[in-house]
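Read off the chains here:
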Amino acid sequence: MDADLFDDPRLTTMGLLFEAHEGLVTKLTPVYKAHGLSGLDMNALMRLSRSPDRRLRMTDLAAQTALSTSGVTRLVDRLARYGLVERALDPGDRRSAYAVLTESGAQRLAQVLPDYVAAVERWFTGLLTPAQLDGLIGALRVVRDTTNPEATLGAEGQ
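Just so it is clear, the model here is predicted, and its values are computed rather than measured.

### Side note on the UniProt feature "domain: HTH marR-type" (unreviewed entry) in the protein chain
Argument step 1. Under the UniProt annotation, "domain: HTH marR-type" (unreviewed entry) lies at residues 7-145.
Argument step 2. Regarding residues 7-145, the helix share stands at 68% and the strand share at 13%, and the terminal C-alpha atoms are separated by 28 Å.

Here you go:
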């Protein structure tokens, strides 16, 4: 068997990406959990907060969070029970609904973000030089846009 097969730098790159992702999730999870949120809650609230009018079609939120339509329905139902989001029907298409960040949801997110951003800075962005960070952001956009173009459906500038 060819030993070079196992020394392929592409495998090293993927391994590092998986290890870095796992390490970051481990470091960031306690931050949003301390505020009573799951990672999925945090992801959805951040995506809604950064979307036009703080709203996304349910189908776009499902695509951005890599959830099924039933999965995003359960997520939005749970967040709605806590008053963090609400559903709004599309007046132009009654079959379509939006998830909308409520003022209470925006306030909850504003409470979490200082701690979350500090942890992101400590464990991720602050470890890189500005040039490294710019390069990483550009590279991640290329990979994301190629492998997961649905990740920005309904959003601008993400």
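From this point on, the discussion continues.
### Focus on the packing of aromatic side chains
Argument step 1. Under the defined criterion, the tally for this structure stands at 1 aromatic pair.
Argument step 2. Ring centres of Y32 and Y116 lie 6.4 Å apart, and the angle between their planes is 40 degrees; this geometry places the pair in the tilted category. Residue Y32 is found in helix α1 (residues 9-33), and its partner Y116 is found in helix α5 (residues 103-123); the two are separated by 84 residues along the sequence.
Argument step 3. A relative accessible area of 10% places Y32 in the buried class.
Argument step 4. If you follow R55 out to its NZ or CZ, it ends over the ring of Y98, 4.9 Å from the centre.

### Structural notes on the pattern of salt bridges
Argument step 1. Tallying each qualifying case throughout the model produces 6 salt bridges.
Argument step 2. D8 serves as the salt-bridge partner of R10, at 2.5 Å between the closest nitrogen and oxygen.
Argument step 3. By relative accessible area, which is 63% here, R10 ends up exposed.
Argument step 4. Given the relative accessible area of 15%, D8 is considered buried.
Argument step 5. Among the salt bridges present, the one from D77 reaches R87, with a minimum N-O distance of 2.7 Å. Taken together, the residues span a long stretch of sequence, with D77 in helix α4 (residues 69-81) and R87 in strand β2 (residues 85-90) at a distance of 10 residues.

### Let's talk about the packing of helix α2 (residues 39-49) against α4
Argument step 1. One way to put it is that α2 packs onto α4 with a least axis distance of 11 Å and a crossing angle of 85 degrees. Classified by the interaxial angle, the pair formed by α2 and α4 is roughly perpendicular. In contact with L40, D41, A44 and L45 of α2, α4 contributes L75, R78 and L79.
Argument step 2. Class assignment for the residues of the contact of α2 with α4 results in 5 nonpolar, no polar and 2 charged.

### Here's the deal with helix α3 (residues 58-65)
Argument step 1. Of all the 8 residues making up α3, 6 are buried; the element is thus mostly covered by neighbouring parts of the structure.
Argument step 2. Buried residues along α3 sit against α2, β1 (55-57), α4, β2 and β3 (93-101).
Argument step 3. After α3 finishes, the residue A66 shows a positive phi value of roughly 60 degrees.

### What to know about the sheet that holds β3
Argument step 1. Ordered by their spatial adjacency, 3 strands build an open sheet running β1-β3-β2, and the pairing between neighbours is antiparallel. Whereas interior strands pair on both sides, the edge strands pair on one side only; in this sheet they are β1 and β2. Averaged over all adjacent pairs, the angle separating strand axes in this sheet is 30 degrees, with direction ignored.
Argument step 2. Alignment of β1 against β3, held across 3 bridges, turns out to be antiparallel. Across the sheet, residue L56 finds its bridge partner in β3, namely A99.
Argument step 3. Sitting on the sheet, α2 touches β1, β2 and β3, and the angle it makes with β3 is about 105 degrees.

About the criteria used
- Residues numbered from 1 in each chain as written.
- Predicted model: local features only at pLDDT ≥ 70, side-chain atom pairs only at ≥ 80, totals over all residues.
- Heavy atoms only, no water.
- UniProt positions renumbered as here; feature names shortened; annotations may be inferred.
- Helix = DSSP H or I, 4+ residues; strand = E, 2+ residues; numbered from the N terminus.
- Phe/Tyr/Trp six-rings, centres within 6.5 Å; stacked < 30°, edge-to-face > 60°.
- Buried < 20%, exposed > 50% of the residue type's maximum accessible area, 1.4 Å probe, protein only.
- Lys NZ or Arg CZ within 6 Å of the ring centre and 35° of its normal.
- Salt bridge = Lys/Arg side-chain N within 4 Å of Asp/Glu carboxyl O.
- Axes fitted to C-alpha atoms, helices over the stretch in contact; angles between N-to-C directions.
- Parallel < 35°, antiparallel > 145°, perpendicular 65-115°, else oblique.
- Contact = heavy atoms within 4.5 Å.
- Nonpolar A, V, L, I, M, F, W, Y, C, P; charged D, E, K, R; others polar.
- Pairing = 2+ DSSP bridges.

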